[in-house]
Amino acid sequence: MPRSRGFWIPSSEARLEELEARVLSAVKTPHEQTFVKLESGEQIRTLIFKSEDCRSATSTPLVLVHGFGAAVGCWVKNLDAFASRGPLYALDQLGFGRSSRPVFPTDAEGAEDQLVDALEMWREAVGLDQIILLGHSLGGYIVTCYALKYPQHVKHVILADPFGVSPRPEADGEEMADLPLKYRIVRSIVDKFNIFTLLRVAGPLGPRMVRRARPDLQVTYSDVFSDSTILDYFYHCNVQTASGEIAMKALNLGFGWACRPLLPRLKELSENIKISFVYGEESWMDPRCGYSAQYVLGHGRVTVDTVPDVGHHVYSKAKEFNRIVLHRCSEVCE
């Protein structure tokens, strides 16, 4: 029976299920919505799009891995376009959305391993061989770590405004002073607390807090939803039992920086794997990280694209983002 979060927090698993259904009702392409059971006993919420076209069906499957605090519904403006290419999978990462919410280690390597190994157990359970991985923000970090650990299953990695690429610079405090005030406030909170604890403590005021703090998200999805559906969805995703946010705190070395940054580790990446970076032109993520990766691995293995007039949620500028992703997928030898 679906559990309620109690009288103080106006949320429940049933309410999250209802909002997910409302968000995904905007997707036109037929698909399966399921829970994939892992060898560990945990479950991963998964959307599966299988092409009926014979040529498309033989394309390398594209797997979408969302960022921190998000879930499968964040891709609602991208799913139809990506499904037109061939087999497509979108999942709620372990600890997020409607997937299982286990206890994570509080050290960076342990948290990383649990998220990466969950993705590998998911791949095995679904029965995929080689895949193209598209990860946003935290998802970008995790899919890169996956490619480092399980390169035999990865054809291409697409990183949308990824978290944790470059090491934290010594002058980080000076750079923080240049950030807009709202990002400085969020960063200070994230550095000290599990950020979604604040939403839980706020109780019945939580939904209103999200609407006031993130009106940009409602604007971003206004071409799909005319009401607060997307904000309510993100609220209910993030006031369930704390899990993925604990993993994120373990991985995080100050807001935007990883304890185990990717750039020094990229030399270990299989020569058969190429990386495509896609940044929002107005994002606080620095596209120079992508160019640094290009320097480490070479121009032939790394591409960097920028989407104009959009910030960190680069996938929300769907027409241009979808075009870039589909183009980069087409470059992969099928």
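Heads up: the structure comes first, above all this text.
Every value quoted in this text rests on a predicted model; they were computed, and no experiment measured them.

Procedures and definitions
- Residues numbered from 1 in each chain as written.
- Predicted model: local features only at pLDDT ≥ 70, side-chain atom pairs only at ≥ 80, totals over all residues.
- Heavy atoms only, no water.
- Pairing = 2+ DSSP bridges.
- Helix = DSSP H or I, 4+ residues; strand = E, 2+ residues; numbered from the N terminus.
- Axes fitted to C-alpha atoms, helices over the stretch in contact; angles between N-to-C directions.
- Buried < 20%, exposed > 50% of the residue type's maximum accessible area, 1.4 Å probe, protein only.
- Contact = heavy atoms within 4.5 Å.
- Polar contact = N/O pair within 3.5 Å; in protein donor to acceptor, adjacent residues only side chain to side chain.
- Phe/Tyr/Trp six-rings, centres within 6.5 Å; stacked < 30°, edge-to-face > 60°.
- Lys NZ or Arg CZ within 6 Å of the ring centre and 35° of its normal.
- Core = buried A, V, L, I, M, F, W, Y, C linked by side-chain atoms within 4.5 Å.
- Salt bridge = Lys/Arg side-chain N within 4 Å of Asp/Glu carboxyl O.

Asks: Please clarify how the sheet that holds strand β7 (residues 274-280) should be interpreted in this entry.
Replies: Two orientations exist for strands paired in a sheet by backbone hydrogen bonds: parallel and antiparallel. If you walk across this open sheet you meet the eight strands as β1-β2-β4-β3-β5-β6-β7-β8, and the pairing is mixed. Looking at the sheet topology across the chains shown, the edges are occupied by β1 (32-37) and β8 (302-307). Here the strands of the sheet are splayed against their neighbours by 20° on average, with no regard to which way each runs. Pairing analysis gives four bridges linking strand β2 (residues 43-49) to strand β4 (residues 88-91), with the strands arranged antiparallel. Among the inter-strand pairings, L47 is bridged to a residue of β4, identified as A90.

Asks: How do you make sense of helix α12 (residues 244-251) when you look at a structure like this?
Replies: At 3.6 residues per turn, the α-helix brings residues three or four places apart onto the same side. The buried fraction of α12 amounts to six of the eight residues, a majority that puts the element mostly inside the structure. Its buried side turned inward, α12 meets α4 (108-126), α5 (138-149), α8 (197-202) and α11 (229-238).

Asks: Honestly, the side chain of R200 in this entry has me stumped. Any pointers?
Replies: Position of R200 among the secondary structure elements: in helix α8. One polar contact links the side chain of R200 to the main-chain carbonyl oxygen of Q240, over a distance of 2.9 Å.

Asks: Could you clarify how one ought to interpret the packing of aromatic side chains in this entry?
Replies: Geometrically, a pair of aromatic rings is defined through the distance of the ring centres and the angle of the planes. One pass over the structure, following the stated rule, counts nine aromatic pairs. Aromatic pair F277 and Y279: ring centres 6.0 Å apart, planes at 0°, arrangement stacked. Given a relative accessible area of 1%, F277 falls into the buried group. Among the aromatic residues, those joined into a ring-pair cluster are F68, F96 and F196. Taking NZ or CZ as reference, R45 lies 4.7 Å from the ring centre of F35, over its face. Just above the ring of Y221 sits the side chain of K77; from NZ or CZ to the centre is 5.7 Å.

Asks: I'm lost on the pairing of strand β5 (residues 131-136) in this one. Help?
Replies: It is a general feature of regular strands that their side chains alternate between the two faces of the sheet. In terms of burial, β5 is largely enclosed, as six of its six residues are buried. Residues of β5 alternate between two faces, with I131, L133 and G135 on one and I132, L134 and H136 on the opposite face, all of them buried. In the sheet, strand β3 (residues 62-65) pairs with β5 via four bridges, with the strands oriented parallel. Note on β5: the bridge partner recorded for V65 is G135.

Asks: Help me understand the nonpolar core, please; the structure alone is not making it clear to me.
Replies: The nonpolar side chains of a soluble globular protein tend to be buried with one another. Among the nonpolar cores identified, the biggest contains 54 residues, and V63, W122, I275 and F277 are the most heavily contacted of them. With eight residues, α5 is the single largest residue contributor to this core. Among all residues touching V63, those that are not within four sequence positions of it are Y89, L91, W122, L128, I131, I132, L133 and L134. Residues L19, A70, V314 and V325 belong to the second largest nonpolar core, which totals 48 residues.

Asks: Is there a simple way to think about the pattern of salt bridges in this case?
Replies: Two side chains carrying opposite charge are able to pair once their charged atoms lie near each other. Enumeration over the complete set of coordinates arrives at 20 salt bridges. For K149, the salt bridge is made with D117, and the minimal N-O distance between the two is 2.9 Å. Of this pair, K149 sits in helix α5 while D117 sits in helix α4, and the two are 32 residues apart along the sequence. Taking the shortest distance from any N to any O, the salt bridge between R214 and D216 comes out at 2.7 Å. The exposure class assigned to R214 is partly exposed, which follows from its relative accessible area of 29%.

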